[in-house]
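As a plain string of letters, each chain reads:
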Amino acid sequence: MVDVDPLARHLAPRDVPQSLLDALAHRFGERCSTVASVREQHGRDESAFTQGPAPAAVVFAESTADVVDAVRLAAAHRTPVIPFGAGTSLEGHLLPVQGGISLDLGRMTRILAVHAEDMTITVQPGVVRTAVNRALEGRGLFFPVDPGADATIGGMCATRASGTNAVRYGTMRENVLALEVVTARGDVIRTGTRARKSSAGYDLTRLMVGSEGTLGVITEVTLRLHPLPEAVSAATCSFPAIEPAIRTAMAIVQLGIPIARCEFLDAHGVRMVNAHSRLALPEQPLLLMEFHGSAHEVEDQARTVQGLATEHGAEAFAWATSPEDRARLWAARHNAYFAALHTNPGRRVISTDTCLPISRLADCLVASVAEAEASGLPHYCLGHVGDGNFHFGYLVRPGDEDDWRVAETLNHALVRRALALGGTCSGEHGIGLHKMGFLREEAGEGAIAMMRAIKQALDPDGILNPGKIFE
């Protein structure tokens, strides 16, 4: 039976003592807010969950010392602390289901060091991804991880974010070298170094990347950078149906073509993007691709891919030749979520993602699209199909139990199909509140018990973003 009110069963609010609020106000002054509108803003994210409680207070941190003091005060009162970045997560990560304090890191926006010769950059967690690349202008380097939203680097670490470039450059897991983290006791630790590899002890950096704020508060991040490609070329390719588009993407990967981006949009997604971004793409299943390398390499890659697409029945292959045209296409793709909201006024998006072994991608996607079409619920499908990752957005009317039930039924069928085919319940969104049950199915009780043991060891009072990942 699908739960039509999945948030309610996670609520377990704890009392926040007035003595803690007084202590926070004394330490932070105006940077500790109990104003209702500020609290409500920090009690929601971009997920479909809309009825959660607001935190008791919001603390705006500007330094590691601020984070240390806030966590120590909360720990002394055994009060939850929920780290907050840009608020763009999609699985309920930021909702204070056990009450407590929202710790906003959005003012920690300093670029701390650029080591161009080592291809690394060190930043505070509130730096957004586009600001990283602005800081690198003129240095011949860039940071490739690009989730659709202009998320903070700290939030991207916490959710192990990915994006359109992952097929070539990897996810946050591959691109974070070192962290500074404040523990649940308010201690400051450092994980990793600027060296490209290490076999020294447990890999605490990878433990923290993807921990969703449940094991520590990230206060500093050292990122791996990549050389800007000599040449860049982008193309769109339309298909008469979904399956040949996906099989083209599969063939690109299986042949080892080093494509930088290989994105998919179904016809619904293309229609929404056209309306929102004033484009005129054919309203058919679409691959949006980008090639990086030398001028010769880019030309060879593009020619090979165009041939593959033609073999699979592509009906149109168009080049985006200028940087402005490429930027417009990718901005439209990144804004697909907002395009769906814009073209379906009054509805919310229940967004989900899965990731499959590349050989099973078409099987899962085609069956899931058929189910969504049969449901009659407005939806769209898109994905980073070059690495087997795709998303559905189901558009529901707030408060409509029938819409929610249909969307969650589709979501459950999609994720279970992915798991049965050797995939994962989340390629990049994370678990948050929405996918706890799926994580149990994927990982098994033994692995969940190990995760609980780690959580208990590092956060014995359960104050760091409690109620997320597992119950």
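Residues numbered from 1 in each chain as written. Predicted model: local features only at pLDDT ≥ 70, side-chain atom pairs only at ≥ 80, totals over all residues. Heavy atoms only, no water.

Trainee: Can you tell me about the sheet that holds strand 17 (residues 379–384), naming the residues and giving the values?
Mentor: The strand order across the open sheet formed by seven strands is 15-12-14-13-17-18-16, and the pairing between neighbours is antiparallel. Single-partner strands in this sheet number two, and they are strand 15 (316–320) and strand 16 (348–355). Going from strand to strand, the sheet's axes swing by 15° on average, the running direction of each strand aside. Judged from the eight bridges that link them, strand 12 (residues 231–238) and strand 14 (residues 286–293) form a sheet pairing that is antiparallel. Among the inter-strand pairings, V232 is bridged to a residue of strand 14, identified as H292. Packed onto the sheet, helix 10 (residues 267–277) meets strand 13 (261–265), strand 14, strand 17 and strand 18 (389–396) and runs at close to 95° relative to strand 17. Lying on the sheet, helix 15 (residues 401–420) is in contact with strand 16 and strand 18; it crosses strand 18 at an angle near 165°. (Pairing = 2+ DSSP bridges. Helix = DSSP H or I, 4+ residues; strand = E, 2+ residues; numbered from the N terminus. Axes fitted to C-alpha atoms, helices over the stretch in contact; angles between N-to-C directions. Contact = heavy atoms within 4.5 Å.)

Trainee: Tell me about empty space enclosed by the protein, and please be specific about residues and values.
Mentor: Going through the model one piece at a time under the given rule, you end up with two cavities of 30 Å³ or more. Here the largest cavity is characterised by a volume of approximately 860 Å³. Residue assignment for the lining of the largest cavity shows that the elements contributing at least two residues are strand 3 (81–84), helix 5 (153–159), strand 10 (217–224), helix 12 (323–334), helix 13 (336–343), strand 17 and strand 18. Of all the elements, helix 5 adds the most residues to the lining of the largest cavity, at five residues. Tallied by class, the residues present in the lining of the largest cavity amount to 22 nonpolar, 23 polar and five charged. By volume, the second largest cavity is sized at about 40 Å³. Around the second largest cavity, the lining residues are S47, A48, F49, L90, I350, S351, W404 and H434. Partitioning the lining of the second largest cavity into residue classes produces five nonpolar, three polar and no charged. (1 Å grid on protein atoms, 1.4 Å probe; cavity = no way out; pocket = protein on both sides within 12 Å on 5 of 7 lines; lining within 4 Å. Points joined across faces, edges and corners; volume = space filled by probe spheres on them. Nonpolar A, V, L, I, M, F, W, Y, C, P; charged D, E, K, R; others polar.)

Trainee: Explain the packing of aromatic side chains to me, using residue names and the numbers behind them.
Mentor: Under the defined criterion, the tally for this structure stands at six aromatic pairs. Seen in terms of ring centroids, F291 and W319 are 6.5 Å apart; in terms of plane orientation they differ by 50°. Their pairing is tilted. Within this pair, whereas F291 is found in strand 14, its partner W319 is found in strand 15, the two being separated by 28 residues in sequence. Assessed through its relative accessible area of 0%, F291 is described here as buried. Residue classification places W319 among the partly exposed residues on the basis of a relative accessible area of 38%. Connected via pairs of aromatic rings, a cluster forms that spans F291, F317 and W319. (Phe/Tyr/Trp six-rings, centres within 6.5 Å; stacked < 30°, edge-to-face > 60°. Buried < 20%, exposed > 50% of the residue type's maximum accessible area, 1.4 Å probe, protein only.)

Trainee: Can you explain the side chain of T183? Please cite residues and give values.
Mentor: Its place among the elements puts T183 in the loop between strand 8 (176–182) and strand 9 (188–192). Setting aside chain neighbours within four positions, we find T183 in contact with V71 and I189.

Trainee: Could you give me a rundown of the state of the cysteines, with the residues and numbers involved?
Mentor: Counted by the stated rule, this structure contains zero disulfides. The cysteine C262 is free of any disulfide, with C237 supplying the nearest cysteine sulfur at 9.7 Å. (Disulfide = S-S within 2.5 Å.)

Trainee: I'd like a description of helix 12, backed by residues and values.
Mentor: With 12 residues, helix 12 extends 16 Å from end C-alpha to end C-alpha; this agrees with the ideal 16 Å at 1.5 Å per step. What helix 12 keeps buried is the set R326, L329, W330, A332, R333 and H334. (Expected span 1.5 Å × (residues − 1).)

Trainee: Go over the nonpolar core, please, and point to the residues and values.
Mentor: By size, the foremost hydrophobic cluster in this structure holds 61 residues, and its most contacted members are I246, F264, M289, L365, F390, F392 and Y394. Counting 25 residues, the second largest nonpolar core, distinct from the first, contains L141, A161, V209 and L215. (Core = buried A, V, L, I, M, F, W, Y, C linked by side-chain atoms within 4.5 Å.)

Trainee: Before we move on, can you summarise the layout of surface pockets with the specific residues and values?
Mentor: Here the largest pocket is characterised by a volume of approximately 1,100 Å³. Contributing to the lining of the largest pocket are 48 residues, with R160, G210, E212, I431 and M451 lying nearest its centre. Where the lining of the largest pocket is concerned, the elements lending two or more residues are helix 5, helix 7 (172–175), helix 8 (204–208), helix 16 (436–443) and helix 17 (445–458). Take the lining of the largest pocket: its biggest share by element is six residues, from helix 17. Partitioned by chemical class, the residues of the lining of the largest pocket number 17 nonpolar, 17 polar and 14 charged. Roughly 660 Å³ of internal volume is contained in the second largest pocket.

Trainee: Break down the pattern of salt bridges for me, with residues and values.
Mentor: This structure, assessed with the given rule, holds 28 salt bridges. Put simply, R261 and D146 hold a salt bridge, and the shortest N to O gap is 3.0 Å. Taken as a pair, R261 in strand 13 and D146 in the loop between strand 7 (141–142) and helix 5 lie far apart in primary sequence, 115 residues in all. With relative accessibility at 4%, the residue D146 sits in the buried group. Salt-bridge contacts for K435 lead to D353; the nearest nitrogen and oxygen are separated by 3.4 Å. A residue pair is termed long-range when its members are at least 10 positions apart, and K435 in the loop between helix 15 and helix 16 and D353 in strand 16 qualify at 82 residues. Comparing K435 with D353, the two get one shared label, buried. The network of salt bridges with common partners includes R27, R31, D66 and D69. (Salt bridge = Lys/Arg side-chain N within 4 Å of Asp/Glu carboxyl O.)

The values are spatial; any link to function lies outside them.
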